[in-house]
Protein chains: 10
Amino acid sequence: MAGGKYTEKHAQSGLKTKLPKLETFPSQFPNYEITISYPEFTSICPKTGLPDFGSIHLKYMPNQKCLELKALKMYMLAYRDVGIFYENVVNRVLQDLVKASDPMWMVVKGVFNARGGMLGIAQAQYGKVPTNFSFPSELK
Amino acid sequence: MAGGKYTEKHAQSGLKTKLPKLETFPSQFPNYEITISYPEFTSICPKTGLPDFGSIHLKYMPNQKCLELKALKMYMLAYRDVGIFYENVVNRVLQDLVKASDPMWMVVKGVFNARGGMLGIAQAQYGKVPTNFSFPSELK
Amino acid sequence: MAGGKYTEKHAQSGLKTKLPKLETFPSQFPNYEITISYPEFTSICPKTGLPDFGSIHLKYMPNQKCLELKALKMYMLAYRDVGIFYENVVNRVLQDLVKASDPMWMVVKGVFNARGGMLGIAQAQYGKVPTNFSFPSELK
Amino acid sequence: MAGGKYTEKHAQSGLKTKLPKLETFPSQFPNYEITISYPEFTSICPKTGLPDFGSIHLKYMPNQKCLELKALKMYMLAYRDVGIFYENVVNRVLQDLVKASDPMWMVVKGVFNARGGMLGIAQAQYGKVPTNFSFPSELK
Amino acid sequence: MAGGKYTEKHAQSGLKTKLPKLETFPSQFPNYEITISYPEFTSICPKTGLPDFGSIHLKYMPNQKCLELKALKMYMLAYRDVGIFYENVVNRVLQDLVKASDPMWMVVKGVFNARGGMLGIAQAQYGKVPTNFSFPSELK
Amino acid sequence: MAGGKYTEKHAQSGLKTKLPKLETFPSQFPNYEITISYPEFTSICPKTGLPDFGSIHLKYMPNQKCLELKALKMYMLAYRDVGIFYENVVNRVLQDLVKASDPMWMVVKGVFNARGGMLGIAQAQYGKVPTNFSFPSELK
Amino acid sequence: MAGGKYTEKHAQSGLKTKLPKLETFPSQFPNYEITISYPEFTSICPKTGLPDFGSIHLKYMPNQKCLELKALKMYMLAYRDVGIFYENVVNRVLQDLVKASDPMWMVVKGVFNARGGMLGIAQAQYGKVPTNFSFPSELK
Amino acid sequence: MAGGKYTEKHAQSGLKTKLPKLETFPSQFPNYEITISYPEFTSICPKTGLPDFGSIHLKYMPNQKCLELKALKMYMLAYRDVGIFYENVVNRVLQDLVKASDPMWMVVKGVFNARGGMLGIAQAQYGKVPTNFSFPSELK
Amino acid sequence: MAGGKYTEKHAQSGLKTKLPKLETFPSQFPNYEITISYPEFTSICPKTGLPDFGSIHLKYMPNQKCLELKALKMYMLAYRDVGIFYENVVNRVLQDLVKASDPMWMVVKGVFNARGGMLGIAQAQYGKVPTNFSFPSELK
Amino acid sequence: MAGGKYTEKHAQSGLKTKLPKLETFPSQFPNYEITISYPEFTSICPKTGLPDFGSIHLKYMPNQKCLELKALKMYMLAYRDVGIFYENVVNRVLQDLVKASDPMWMVVKGVFNARGGMLGIAQAQYGKVPTNFSFPSELK
C-alpha cells in the first residue's frame, strides 16, 4: 500500500493491454453449461507495483463455440505482467471471453487474496443468466 | 498439452464409440429422485492421448424405469479406453442414459481433475428439471 | 455383485415385510418442522445377500401427530434383516411414516454407502413440500 | 430410553414452567436482521430424566425492540433443570421471544445431540419470514 | 458482562463518533458486484468496556463509484476505540458506505465472536438487493 | 465472571462431593488400550455459579478390570450440579477412575468451552504412560 | 441400555462364536506394511441386544502371508449377528488374524459409534510394533 | 509496511510497558498439564502503527500455583494499546507468566495473522519441557 | 470380486511387466528430502479384471540423482493396463525407483480406493529411513 | 511439459541469479523458534518457461539475528521472474537465509502446485534441528 493518490490512470490500467488470442472449437451439443476454474491467477497492482493473486472462475452456456482450454490458459497467464485492478480483471476477462465465444450467457468471478487484511471478490455477468445461478460447490 | 491444432476430428472423438448396454428395472414407486455418483471416471484426451480423470454425478426422476447399477458401472468403466473430450462425456452420458431409461428429467454433471492448472466442470440436462434443482450436498 | 439376472422378485423384495409399529404423540404446536436423522441404517441387498449401509434423513411438518422416536428407532432397526433395494427403502419408509403420522408434508432421503465405487442417494416426498425445501446443513 | 408409555403429561412437560424474564432495548435502525446462536443449551428429557444437549439458533427482524443478550442467556440457562421435549423447547422459545420483543418475523431452530443414534432438529417460525430465508452459514 | 442496567446512552453509543473519510474511484464497468471481507474488526462494548471482535462482510453493485480499499481499511480500523454495539456497527457501516459510494444496492453483515457463549450476527441492506442474494461461499 | 476474590473454598470446591459409584467388569484380554470420550460434560463454576461445558476424554490400559460404561456415564452426569473448577474435574475424575479400576496406566483430558474468550484444557495421568502416548485422532 | 446386571456371561459373549475362515496368499516382498480399514462393522451388544456400529482398522507387517481381502470381508461381515462387547471384538479380531497370517506384528483398532453419548475406542497389538507406530492419516 | 529503517527502538518496543498484574491460586494436585488458548490477541506494530492480530496458546505444568484466568485475560487485553513485535510478545508473555506462576515448565506460542501475505508464528519455552511436547489438537 | 481361487499367478501378476524407463538429473545439493504425490494412479486387479484406483506417495533423500518428473509420470501412467495387486504396486514402484535413482533412503506408500467396503494402504521402504519419518501433512 | 531433453543448464538455472538483500534485526531473547509461511511463491520452470506456484514455509531458531519480514518478502517476490526448479528453490532459500541470519538451525520447505497431476514437496535443513521437529499445524 504505497502512498500517493489513486488516479484515473491507475483506474484504467491494463484495460487495453494486448493479450494472447482466445480460441474456440465448435460445440457438439446444445444447451449445457461449462465451468472452468483457474486458481493460479496473478497480476500486478497498478498502484503499488506488487503482485496480486487470486482464482478466476467462469461458467457459461455455449452457443456455437466452446472456449479452447490451452489458449484460455495462455490468455490467463499473460496477466502475470499486467498492471490492473482486480475489479477490472473480472470485467475485462468477461468482455474478452464473450467476444471470443459468443455464449448464451457467462459469469466471471475473481476471488483475490487478502491485502491489508481485506479479501476482495468481484463478479460480472453477460446475457440472460439463470435466476438460480451458482458456481458448482466443487469450486471450494 | 501436445502441440498441433485442435481439429473437428478431435471435437467429435468418442461420440459414436460403442459402449456396453445399459439396463433398467421397473420402478416400484412414482415421483421420487435418484442420485448416483461415480467418482472413478477416466477416459482419454483425444488430443494428447493422456488419461483424464473425474467424477460423474447424475440425478433423475424415473418414469417407469430405474437404471440398473451394475450395467451402469460397466458402461462407465468402458470410457477407460475411449478418446473423448469431457464436454462430450457429459452430453453423451446424458443422451445414452435418457435413451435407456426414459426419465421424467435427468441432470448429468462431470467434475474433471485439473489439467494445466485448470479445473473443468460440465453439466447437461434433459426434460423439465425442477427450478430449485441441486445435487445433494453429500456429493462433496 | 453376484451374477445372474435382476428379477421382478428382487425389485419388489422387502416391500411387504412386516415391520415394528410406529407410534405418535399429539403435537403441542401448529406449523413447525421436525428433522430426524438416522445414520446407522442397514439392510440386505436382495440380489447379493450382502448388507447395505446408509443414513436415512427425514423432515416433516406435523399435522396432529409427531413421530415417537423410540418406536421409530425400532422400526429402522428392523430393516437389518430385510432384503430390499435402497430405492424401495426410501419409498417404503415415506409410505409407512405418512400412514402413521399423517403429516402436512414429509420428505425422506436415503444416502447409501458406495457399492462397486458408486454412491447412491434416493429422495421421496409426500404432500405440499415448500418450494425452497432443503435438509438442515447440520446433516453433514 | 427408560421403558413405559409416553403420556400426555410427558408431552406437555415444561410448557408452563416459569423462566427468567427476557429484556429488550430500543432498536436504533429499521429493517435489518439479527441472528443469535446459543450452542450450550441443555434441558431434561421428561421421560427418561436424562439431560438433553443442543444448540438453539434464532434469527429475527426487530420491529421496535431488540432482545438483550444477557437476559436471553439467563433465560436459556434456566432450561437446565426443566423437563421438556425438544420439539416443545423450540416452540416455547419462539413464543416467549416473540412475546417479549414483538419482531417483524422470527425463526427458532434447535439442533439436538443424537439419542439412541438419532439426531433431532426442530424449527418454528413467526410472522412473514422471507421466502429465501436461511440461517447464516457461519452457524456450522 | 458487568452488572447494571442497559441504558439509552449505551444503545446509541458510537453512532455519531467521527470516523476516517471513505474514498471512491470511478467504476470502469456497469452492472457487476464487489464483495469485501474484513476479518479483523474490533470495537468496544459500551456496557462492559471490553473489546468485541468480528468479521465485517459487504457486497454491493457500484453505480458510478467503487470504494477505495485503503481508505475503507482505515475507516474499519478506527472502530478499535469506539464503544458501540454490534447491531449498530453493521447499520452504521452500511449508512456510511452508502453515503460515500451511492451504490445500486449494498448488504453489510457482521459476524461477532461469542460472548457469554452466544454468537451474534447482524445484517443490514440498502436498495433493491437481488432476491437470490447470498455472500460468496469463499467467505467461510 | 462475577467480581470478588478467588478463595481457597472456591479452589477446593467439588473435590469431596459424593458421586455415583463406578463399576467394572473383568477384562478378558491382557495388554490393550481403551479410549472413552464423553462430549456432554457439564459442571458449575464455583465462583460465578454459571455452568461450564466440555468434553472429557480418557484412555487407559486395563489391568484386571474394565470400566463399565453405563455406571461411568452416571458418574459423569452427576457433575451437572457440582461446583468445581475444570482443573479439579480432570484430576478428580482420574483419581476416582484409577481407584475403581486399578489400571496399568490412565490419562484423563478435559477440553472446556471458552469463557471470556479463553479456551481451557487440562490433562492428568497415572502410572507409566507410554512415551509416545496420544489420544486417537478420532477424538476431533 | 436395558436394566439388569452385567454378568460374566455378557463379558465373554461372542469370544467362541464360530466365524468364517480367513485366507492368505504368499507375500511377494519382505518388510513392508499393510493397512486395511473396514468402516462398516456391526455387531450386537450382548447386554441390550441392540446393534453396535464401528470401524475396524488394522495394520501389520506380513511375514510370509498376506490376508486375502475377500475372506477377510466375509469374516468381518459375520459379526453382524454376534453378541460381543467392542473391547472383545478388537482383541478377538487380533487373535484370529494373527493366527491366520502369522505376521511380524499387527495392530487392530476399533472405533465405535457413541452409545449414551459416549464414544468408545479400543486398540490391541501383537509382536514388536514399531515405537513410532501410527495408523495412516488417510483413516480419517 | 510503512517505509523507513527498522531501529533498535522498534526492536525493543513494548518490552517494558507496564501490564496488569497476573494472579494465581494454589494448585490442588501435582503433576498435570494446563493449556490455555486466547484467540483474540491484538497489539500494535511498533513500526507501522497498525494493529496486529493473533492467537496466544500456552501450556504448562503447575508447580504450586495455577494462573487465574480472569487476571490472565486482563493481562492479555492490555496488549491492545502496546507497540510490540510479535516475537517479543511471545517471549514477554512467557517471562511474565513464569515469574507469576513459577511452573515446572511452560511453552508459549503466538500465531499471527498474515501481513503482506506472510504468516508468522513464534514459540518460546521455559524449564524442562517433555521431549514429546505438543499443543493439544483442539487448538487449531 | 469375481469367484474362483486366488492363485500364485494372480499373486505375481505384473511384477515383471515392462514399464517406461525412469530418468534422473544430477542433484545440485546434498541432504534434503523430496516428496512426490501422484493421485491419479490406476491399474487392473489381476483377479477380477476391474480397475483399481489410488494415490501413490513417495518421499526420498537423493544421493546423486533426482527423479525426473515427466518420465516418472509416464512410468506411473503405464500401470493403467497392468494387472497387479496393490501390495505389489507399492513394492515394485519402490524397487524400480531405487534402482533408477539410488537414493539415501526412500518410502513409497499407496492408498487405494475401497473395494467391497474395505480401504487398503501399503507402504514399503528402502535404506535408513529417519526414525521420525512421516509424509508431509499436505498429502491429504 | 514441452519436449526436449533436460540439460545441466536447466538443472542449475536460477542458482546464481541476483536477488534482493535480506535484512535482520537483533533478537531480543535467546532460545525460541520462529516460523514464517509465504503462500504466494511463484517462479518460472526453466524447462517449459511456464510459471510454478507454491508455498514456502520456514522455521528457525535465531542465534543473534532475526530475519526482517519486509526484506524477506521482497526476496521471495523476486523469484517471480527467475527460472529455477523447485528442488533448487528450497535449497537456495535455505542457503541465502542461513547466510543472512546465521541461525542455530533452520528448516525450509516448499509445497508446489501439481503439474501433470503430480504434487511436489521439498525440504532442506541446516544445523542441529530438534529430533521431534515439525512445522506448526497451523500451516495446513
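Everything quoted here is computed from the prediction, not taken from an experiment.

**Re the overall build of chain A**
Here is step 1 of the chain: Helices and strands together make up the secondary structure of chain A, namely 3 helices and 6 strands.
Here is step 2 of the chain: Secondary structure of chain A in N-to-C order comes out as α-β-β-β-β-α-α-β-β.
Here is step 3 of the chain: Over its C-alpha atoms chain A spans a radius of gyration of 15 Å, differing by no more than 12% from the 14 Å that the globule rule assigns to 140 residues.
Here is step 4 of the chain: With respect to the principal axes defined by its C-alpha atoms, chain A has extents near 50 × 30 × 25 Å.
Here is step 5 of the chain: Sorting the 140 residues of chain A into buried and exposed places 64% on the buried side.

**A word on the side chain of D:E87**
Here is step 1 of the chain: Here D:E87 lies in helix α3 (residues 86–101).
Here is step 2 of the chain: Of the side chains with opposite charge, D:K47 comes closest to the buried, unpaired D:E87, at an N-O distance of 12 Å.
Here is step 3 of the chain: If we skip the residues at most four places from it in the chain, D:E87 touches C:F25, C:Y32, C:I34 and D:A122.

**Digging into the pairing of strand β6 (residues 118–127) of chain H**
Here is step 1 of the chain: As paired elements, strand β5 (residues 105–115) of chain H and β6(H) share 9 bridges and run antiparallel to each other. For H:V108, the partnering residue across the bridge sits in β6(H) and is H:A124.
Here is step 2 of the chain: Connecting β5(H) to the antiparallel partner β6(H) that follows it, the hairpin turn spans 2 residues, and H:G116 within it adopts a positive phi of roughly 60°.
Here is step 3 of the chain: Where β6(H) meets strand β2 (residues 32–44) of chain J, 6 bridges bridge the pair, whose relative direction is antiparallel. Across the sheet, residue H:I121 finds its bridge partner in β2(J), namely J:T35.

**As for the relation of the copies chain J and chain A**
Here is step 1 of the chain: Under the fitted operation, chain J is carried onto chain A by 0.0 Å of movement along the axis and a turn of 180°, and the coordinates agree to an RMSD of 0.0 Å. What the superposition gives is, in effect, a two-fold axis relating one chain to the other.

**Remarks on the packing of aromatic side chains**
Here is step 1 of the chain: For the structure on display, the rule yields 70 aromatic pairs over all chains.
Here is step 2 of the chain: With a centroid separation of 5.1 Å and an interplanar angle of 50°, the aromatic rings of J:F41 and J:Y79 are classed as tilted. Of this pair, J:F41 sits in strand β2 while J:Y79 sits in the loop between α2 (69–77) and α3 (86–101), and the two are 38 residues apart along the sequence.
Here is step 3 of the chain: On the basis of relative accessible area, J:Y79 is assigned to the buried category, the value being 0%.
Here is step 4 of the chain: An aromatic cluster is built from A:F41, A:Y75, A:Y79, A:Y86 and A:F112, whose rings are joined through pairwise contacts.

**Digging into the interface of chain E and chain D**
Here is step 1 of the chain: With 30 residues of chain E at the interface, the matching set in chain D holds 24 residues.
Here is step 2 of the chain: Carbon and sulfur atoms supply 57% of the area that chain E and chain D bury against each other, a total of about 2,400 Å² over both sides.
Here is step 3 of the chain: Across the pair E:K109 and D:E138 runs a salt bridge, and its minimum N-O distance is 2.9 Å.
Here is step 4 of the chain: At the surface where chain E touches chain D, the tally comes to 7 residue pairs in polar contact (both at pLDDT 80 or more).
Here is step 5 of the chain: Counting only elements with at least two residues in the side of chain E that touches chain D, the list comes to α1 (8–12), α3 (86–101), β5 (105–115) and β6 (118–127) of chain E.
Here is step 6 of the chain: A total of 7 residues in the side of chain E that touches chain D trace back to one element, the largest contributor, which is β6(E).
Here is step 7 of the chain: Split into classes, the residues belonging to the side of chain E that touches chain D amount to 13 nonpolar, 11 polar and 6 charged.

**A closer look at the confidence of the model for chain A**
Here is step 1 of the chain: Looking at chain A, pLDDT values average 93 and 95% of them are 70 or higher.
Here is step 2 of the chain: Per the prediction output, this complex has pTM 0.95; the corresponding ipTM is 0.92.

**Examining the pattern of salt bridges**
Here is step 1 of the chain: Counted by the stated rule, this structure contains 50 salt bridges over all chains.
Here is step 2 of the chain: Residue A:K59 is joined to A:E33 by a salt bridge in which the shortest nitrogen-to-oxygen separation is 3.4 Å. Of this pair, A:K59 sits in strand β3 (residues 51–61) while A:E33 sits in strand β2 (residues 32–44), placing them 26 residues apart in sequence. Each member of the pair, A:K59 together with A:E33, is buried.
Here is step 3 of the chain: When salt bridges with common partners are traced through the structure, they connect A:E40, J:D52 and J:R115 into a single cluster.

**Description of the interface of chain J and chain A**
Here is step 1 of the chain: Counting residues at the interface gives 14 residues for chain J, matched by 14 residues for chain A.
Here is step 2 of the chain: Here chain J packs against chain A, burying approximately 1,100 Å² in sum over the two surfaces, 54% of which is carbon and sulfur.
Here is step 3 of the chain: Among the residues of chain J in contact with chain A, J:E40, J:F53 and J:R80 are the three that bury the most area, contributing 56% of the side total.
Here is step 4 of the chain: Applying the counting rule to chain J against chain A returns 2 salt bridges.
Here is step 5 of the chain: One salt bridge connects A:R115 with J:E40, and the closest N-O pair in it is separated by 2.9 Å.
Here is step 6 of the chain: Across the contact surface, chain J and chain A share 7 residue pairs in polar contact (both at pLDDT 80 or more).
Here is step 7 of the chain: If you list the elements that add at least two residues to the side of chain J that touches chain A, you get β2, β3 (51–61), α2 and β5 (105–115) of chain J.
Here is step 8 of the chain: Ranked by the residues each element gives to the side of chain J that touches chain A, the list is headed by β2(J), at 4 residues.
Here is step 9 of the chain: Of the residues assigned to the side of chain J that touches chain A, the class counts are 6 nonpolar, 3 polar and 5 charged.

**A closer look at the packing of helix α2 (residues 69–77) of chain A against helix α3 (residues 86–101) of chain A**
Residues and elements named next belong to chain A.
Here is step 1 of the chain: Put simply, α2 and α3 touch, their axes get as near as 12 Å, and they point 150° apart. If you check the angle between α2 and α3, you find them roughly antiparallel. Crossing of α2 against α3: the hand is right-handed. Of the residues in α3, those touching α2 at L72, Y75 and M76 are R92, V93, D96 and L97.
Here is step 2 of the chain: When grouped by side-chain class, the residues that make up the contact of α2 with α3 number 5 nonpolar, no polar and 2 charged.

**With respect to the relation of the copies chain E and chain D**
Here is step 1 of the chain: Here chain E sits on chain D after a turn of 72° about the axis and a move of 0.0 Å along it, with an RMSD of 0.0 Å. Seen this way, the second copy is the image of the first under a five-fold rotation axis. Among all residues of chain E, the one whose C-alpha sits closest to the rotation axis is E:N132, at a distance of 6.1 Å.
Here is step 2 of the chain: Taken as a fraction of all interface residues of chain E, those also at the interface in chain D reach only 3%, which identifies the copy contact as different-surface.

**Focus: the state of the cysteines**
Here is step 1 of the chain: For the structure on display, the rule yields 0 disulfides over all chains.
Here is step 2 of the chain: Take H:C45: it sits in no disulfide, and the sulfur closest to it among the cysteines is that of J:C66, at 14 Å.
Here is step 3 of the chain: On the basis of relative accessible area, H:C45 is assigned to the buried category, the value being 11%.

**Section: helix α3 (residues 86–101) of chain G**
Residue and element names in this part refer to chain G.
Here is step 1 of the chain: The end-to-end C-alpha distance of α3, which contains 16 residues, comes to 22 Å, matching closely the 22 Å that a straight helix rising 1.5 Å per residue would cover.
Here is step 2 of the chain: Most of α3 is tucked away: 14 of the 16 residues are buried.
Here is step 3 of the chain: Residue D102 follows α3 closely and has a positive phi angle near 45°.

**Some points on a positive patch on the surface**
Here is step 1 of the chain: On the surface, a cluster of positive charge is made up of B:K140, C:K140, D:K140 and E:K140.
Here is step 2 of the chain: Looking at the element boundaries, D:K140 is found in the segment after β6 (118–127).

**Concerning the nonpolar core**
Here is step 1 of the chain: Core analysis: the largest hydrophobic core is formed by 185 residues, its most contacted members being A:M76, B:M76, C:M76, D:M76 and E:M76.
Here is step 2 of the chain: Leave out the neighbours within four places in its chain, and B:M76 touches B:Y38, B:F41, B:I56, B:L58, B:V93 and C:M118.
Here is step 3 of the chain: By size, the runner-up hydrophobic cluster in this structure holds 180 residues, among which are G:V108, I:Y75, I:M76 and J:Y79.

**Observations concerning the side chain of B:S37**
Here is step 1 of the chain: In this structure, B:S37 sits in strand β2 (residues 32–44).
Here is step 2 of the chain: A residue is classified by how much of its surface remains accessible, and B:S37, at 5% relative accessible area, is buried.
Here is step 3 of the chain: Within the structure, B:S37 has its side chain in polar contact with the side chain of B:H57 (distance 2.9 Å).
Here is step 4 of the chain: What B:S37 contacts, discounting residues up to four positions off in sequence, is B:I56, B:H57, B:L139, C:G117, C:M118 and C:L119.

What counts, and at which threshold
Along each chain, residues carry numbers from 1 onward, in the same order as the chain's sequence is written. Note on labels: chains are lettered from A, ligands numbered from 1, in written order. Owing to the predicted nature of the model, reporting of local features is limited to residues with pLDDT of at least 70; listing and counting of side-chain atom pairs is limited to 80 or more, with chain, interface and lining totals taken over all residues. By convention in this description, side-chain values take in all heavy atoms of the structure and omit both hydrogens and water. Numbering goes from the N terminus for both helices and strands, where a helix is a DSSP run of H or I of at least four residues and a strand is a run of E of at least two. We compute the radius of gyration from the C-alpha atoms alone; for a globule the expected value is 2.2 Å times N to the 0.38, where N is the number of residues. Whether a residue is buried, partly exposed or exposed follows from its accessible area with a 1.4 Å probe, protein chains only, as a fraction of its type maximum: under 20%, in between, or over 50%, in that order. His is not counted, nor are the chain ends, whereas Lys and Arg count as positive and Asp and Glu as negative. Only one rule defines a salt bridge in this text: a Lys or Arg side-chain nitrogen within 4 Å of an Asp or Glu carboxyl oxygen. Two residues form a contact once any of their heavy atoms are found within 4.5 Å. For two strands to pair, DSSP has to find at least two bridges joining them. Here the copies are superposed with least squares, the fitted atoms being C-alpha atoms of residues at a pLDDT of at least 70 in both. The criterion for an aromatic pair is that two Phe, Tyr or Trp rings (for Trp, the six-membered ring) have centres within 6.5 Å, with stacked assigned to planes under 30 degrees apart, edge-to-face to planes over 60 apart and tilted to the rest. Once two parts are brought into contact, the accessible area they lose, counted with a 1.4 Å probe and summed over both, makes up the buried area. Here a polar contact means two N or O atoms within 3.5 Å. Within protein one must be a hydrogen donor candidate and the other an acceptor candidate, and residues neighboring in sequence count only if both atoms are side-chain atoms. All amino acids are sorted into three groups, where Ala, Val, Leu, Ile, Met, Phe, Trp, Tyr, Cys and Pro are nonpolar, Asp, Glu, Lys and Arg are charged, and the leftover types, Gly among them, are polar. pLDDT expresses how confident the predictor is about each individual residue, on a scale running from 0 to 100. Axis lines are fitted to C-alpha atoms, over the contacting stretch for helices. Their N-to-C directions set the angle, which ranges from 0 to 180 degrees. Note that the term roughly parallel is reserved for angles under 35 degrees, roughly antiparallel for angles over 145, roughly perpendicular for angles of 65 to 115, and oblique for everything else. Take the far helix as your reference; a near helix turned counterclockwise from it by less than a right angle gives a left-handed crossing, and one turned clockwise gives a right-handed crossing. Disulfides are defined as cysteine sulfur pairs within 2.5 Å. The length a helix should cover is 1.5 Å for every residue beyond the first. Like-charged residues are merged into a patch within 9 Å and nonpolar side chains (Val, Leu, Ile, Met, Phe, Trp, Tyr) within 5 Å, provided each residue has over 30% relative accessible area and no salt bridge. Per-residue and other accessible areas follow the Shrake-Rupley method at a 1.4 Å probe size, with only the shown protein chains counted as cover for residues. The atom standing in for a charge is NZ when the residue is Lys, CZ when it is Arg, CG when it is Asp and CD when it is Glu. Remark: nonpolar core denotes a set of buried residues (Ala, Val, Leu, Ile, Met, Phe, Trp, Tyr, Cys) joined through side-chain atoms within 4.5 Å.

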